[in-house]
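# Fold and contact review
Single-letter residue listing:
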Amino acid sequence: MKALNLGILAHVDAGKTSLTERLLYAAGVIDAVGSVDDGSTQTDSLALERQRGITIKSAVVSFALGDLTVNLIDTPGHPDFIAEVERVLGVLDGAVLVVSAVEGVQAQTRILMRTLQRLRIPTLIFVNKIDRAGARYESLVQELRAKLSPEVVAMGATSNLGTATASFTPHQAPEGLVELLAEHDERLLAAYVEDENALSDDALRAGLAEQTRRAVVHPVYFGSAISGAGVEALIGGIRELLPAPEGDPRAPVAGSVFKVERGAAGEKVAYVRMFSGEVRTRDRLRFRGDQEAKVTAISVFDGGTTRTRASVAAGQIGKLWGLAEVRIGDRIAGGCVDESGRKASAGGREAFFAPPTLETVVLPAKASDRGNLQSALSQLAEQDPLINLRQDDVRQETSVSLYGEVQKEVIQTTLATEYGLDVDFRETTTIHIERIDGEGAAVEFNKVDPNPFLATVGLRVEPASPGQGVDFALEVELGSMPYAFIKAVEETVRETLQQGLRGWEIPDARVVMTHSGYSARQSHAHAVFDKSMSSTAGDFRLLTPLVLTTALRQAGTTVHEPMHRFQLELPTDTVRGVLSALAKLRAIPRVPALDTSTSVLEGEIPAAAVYQLEQQLPALTRGEGVLESAFKRYQPVTGAVPRRERTDHDPLNRREYLLHVLRRV
Ligand code: GDP
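These lines cover the structure that appears in this document, whether it is placed above or below. Since we're looking at a predicted model, the values are computed, not measured.

## A few points about the nonpolar core
- By size, the foremost hydrophobic cluster in this structure holds 104 residues, and its most contacted members are L19, V96, L144, Y221, F222, I238 and L323.
- Setting aside its immediate chain neighbours within four residues, F222 contacts F126, V127, I130, R136, Y137, L140, V141, A154, T158, F168, A229 and G230.
- Core analysis: the next-biggest nonpolar cluster, separate from the first, contains 34 residues, V476, M481, F485 and L652 among them.

## Some remarks on the environment of D539
- Locating D539 in the fold gives a position in helix α13 (residues 537–555).
- Along the primary structure D539 and A455 are separated by 84 residues, whereas in three dimensions their C-alpha atoms are 6.0 Å apart.
- Only 2.9 Å separates the side chain of D539 from the backbone nitrogen of T536, close enough to count as a polar contact.

## Section: the packing of aromatic side chains
- Within this structure, the stated rule accounts for eight aromatic pairs.
- Centre to centre, the rings of F485 and Y518 are 5.6 Å apart; their planes meet at 70 degrees, and the pair counts as edge-to-face. Of this pair, F485 sits in helix α12 (residues 483–496) while Y518 sits in strand β29 (residues 509–518), and the two are 33 residues apart along the sequence.
- Residue classification places F485 among the buried positions, given a relative accessible area of 10%.
- According to the relative accessible area criterion, Y518 is partly exposed, its value standing at 33%.
- Between the aromatic rings of F631 and Y634, the centroid separation amounts to 4.9 Å while the plane-to-plane angle is 55 degrees, which identifies the pairing as tilted.

## Examining the sheet that holds strand β16 (residues 305–309)
- Strand order in the open sheet formed by eight strands is β14-β13-β19-β10-β11-β18-β15-β16, with antiparallel pairing between adjacent strands. The open sheet has two edge strands, β14 (291–294) and β16, and neither has a second partner. Strand-to-strand twist in this sheet, taken as the mean axis angle between neighbours without regard to direction, amounts to 35 degrees.
- One ladder, built from five bridges, connects strand β11 (residues 268–276) with strand β18 (residues 317–321); its direction is antiparallel.

## Focus on a nonpolar patch on the surface
- A cluster of nonpolar side chains, V443, F445 and V448, forms an exposed patch at the surface whose accessible area comes to about 220 Å².
- Along the polypeptide, F445 turns up in the loop between β26 (440–444) and β27 (455–462).

## Some thoughts on the packing of helix α14 (residues 575–584) against helix α15 (residues 607–620)
- Running from N to C, α14 and α15 cross one another at 160 degrees; their axes reach a closest spacing of 10 Å. The angle between α14 and α15 places the two elements in the roughly antiparallel class. For the element pair α14 and α15, the recorded crossing hand is right-handed. Every residue of α15 that contacts α14 at G577, V578, A581 and L582 is listed here: L613, Q616 and L620.
- Here the contact of α14 with α15 is built from residues that sort into five nonpolar, two polar and no charged.

About the criteria used
Residues numbered from 1 in each chain as written. Predicted model: local features only at pLDDT ≥ 70, side-chain atom pairs only at ≥ 80, totals over all residues. Heavy atoms only, no water. Core = buried A, V, L, I, M, F, W, Y, C linked by side-chain atoms within 4.5 Å. Buried < 20%, exposed > 50% of the residue type's maximum accessible area, 1.4 Å probe, protein only. Contact = heavy atoms within 4.5 Å. Helix = DSSP H or I, 4+ residues; strand = E, 2+ residues; numbered from the N terminus. Polar contact = N/O pair within 3.5 Å; in protein donor to acceptor, adjacent residues only side chain to side chain. Phe/Tyr/Trp six-rings, centres within 6.5 Å; stacked < 30°, edge-to-face > 60°. Pairing = 2+ DSSP bridges. Axes fitted to C-alpha atoms, helices over the stretch in contact; angles between N-to-C directions. Patch = residues over 30% accessible without salt bridge, like charges linked within 9 Å, V, L, I, M, F, W, Y side chains within 5 Å. Areas by Shrake-Rupley, 256 points an atom, 1.4 Å probe, with all protein chains shown as cover. Salt bridge = Lys/Arg side-chain N within 4 Å of Asp/Glu carboxyl O. Parallel < 35°, antiparallel > 145°, perpendicular 65-115°, else oblique. Left-handed = near helix turned anticlockwise from the far one by under 90°. Nonpolar A, V, L, I, M, F, W, Y, C, P; charged D, E, K, R; others polar.

And the structure:
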């Protein structure tokens, strides 16, 4: 069975929802075409999605086109944050990009197309709304070429454009196809030069399919999601031109989680796109580092609904139950132990998303809503890969990290409409990080003053390269103390590094345990466990932050701020004004690529300044400037060093820390 995982992407209002309905209708999944305007569509259930065109929860609808199963995946495609979720788009085999025949290519359309191209996802373009007054053909194709990609080919012609009877007639070998294909194919070029008419239609179609699958050429269809014109032709294109890979079900398990939701009983359900292998119920799967869990149930998508199955195989999408700790973006792998005794790795780093660079504190309008707010936010965070939370237990507050200011509005509306919670936000701040400058070491010995804990812990910290994560290593014998104690030290090290010397996370570090020691369980003589004489994991958990921060002080840290790369398209005569605004925002543009009418500015800008730039841009560019930006790297801050309030009992202040934790003991 062939399966195609398809995504439909569009600028808000271009007709993504209506087209989805049309495809479902054409495939016989639904009996009547729902209307967006009276809210009866299959896919668009959230009011907020309607208002803002934001797909917060991706959904899947499956249908059959002949022998081809299409899994239509509603990817989290908030166009403002597409760069941040681009790894989720990696589950797609192909995409349909919807453009309005009247409004044409919008800023967000270009960003979507650029992302699809970066990921090399085969893409068909559907020019929608040909029935509307003002619908264009010739000038629209020009616009697609100029603004999306020069490698587009219109797959047919329209008639009665701009009227209710507008239609689309597909052509077997559309105009310009040979020339376009020949550019990317030496053999075709040679044959074409030899004799322009020698190439058969079949050879051209095969060439077109091949180049569409390599994402070098983009076929364009015209039609109307409302009248259904052109939809048959588009379906033909989906079947003929997009790749339906047949992954190997006997290969090792590899899959990608692109959606997580809660089932009827509150249990976690993961949507997994299988790239290879086969997962059966009761299989153990691995994901994110050394997490492991058993699959308790599986269902697959079929004809508009889901059905319980014993397995899900390469190429398919399955809902998996039992993976309690799984998150969006996780890669999954088989949990088998290989011959060397090491577990097969689930591969890759856990961060499949660019780090969020802004954060804000969410405050309930009514103090009594605090508890509800916390649980609502954790639910949202689970479902939406763009929402991360940080809990401040000392001040009893929750911070959410943000990719942009727009996200505040999304969170606020969702909390209001879905949970009935009114919230406010504190001012948005930039999330910095700390990097370790040099090497530092510290040790405290069991029963030696001033160590009040029954534990010996020695740690050395060293810098690690960006992106490496926290590496915990042992220079003590693994058998020198119970494994639970070593594990307690490692876990506490990771936790403590969440807040460096100035309160910012230290994402990359190498930490080596140099000393260990404990007091053995006192049970020989009197056979009773005496807490005052025997070490517990708690001793190690409480001592480790003190040792680690002493070592960190010695090593020193530098605070870094996030920088975005940006690309700015704007009218050439506005470049000067924009450049001087950029300078004020501490942006570093490269030499601009000036053109007669529009120019492109690229460079880096502090994440903290992106919002201001967005605000100023319309005035500076007569509303024509298009900005795309995404996280690039961290760089040391210059000037005043920002601090973040700690959310723990500050181990940097030994006296206070001990007062707090010893009182608890
Ligand atoms: P989405 O925001 O991309 O999901 O777009 P919708 O499917 O919600 O459509 C936005 C608006 O455009 C709705 O009012 C639709 O009725 C209308 N619309 C969508 N497709 C067409 C079309 O082909 N022709 C016309 N005339 N209107 C359309």
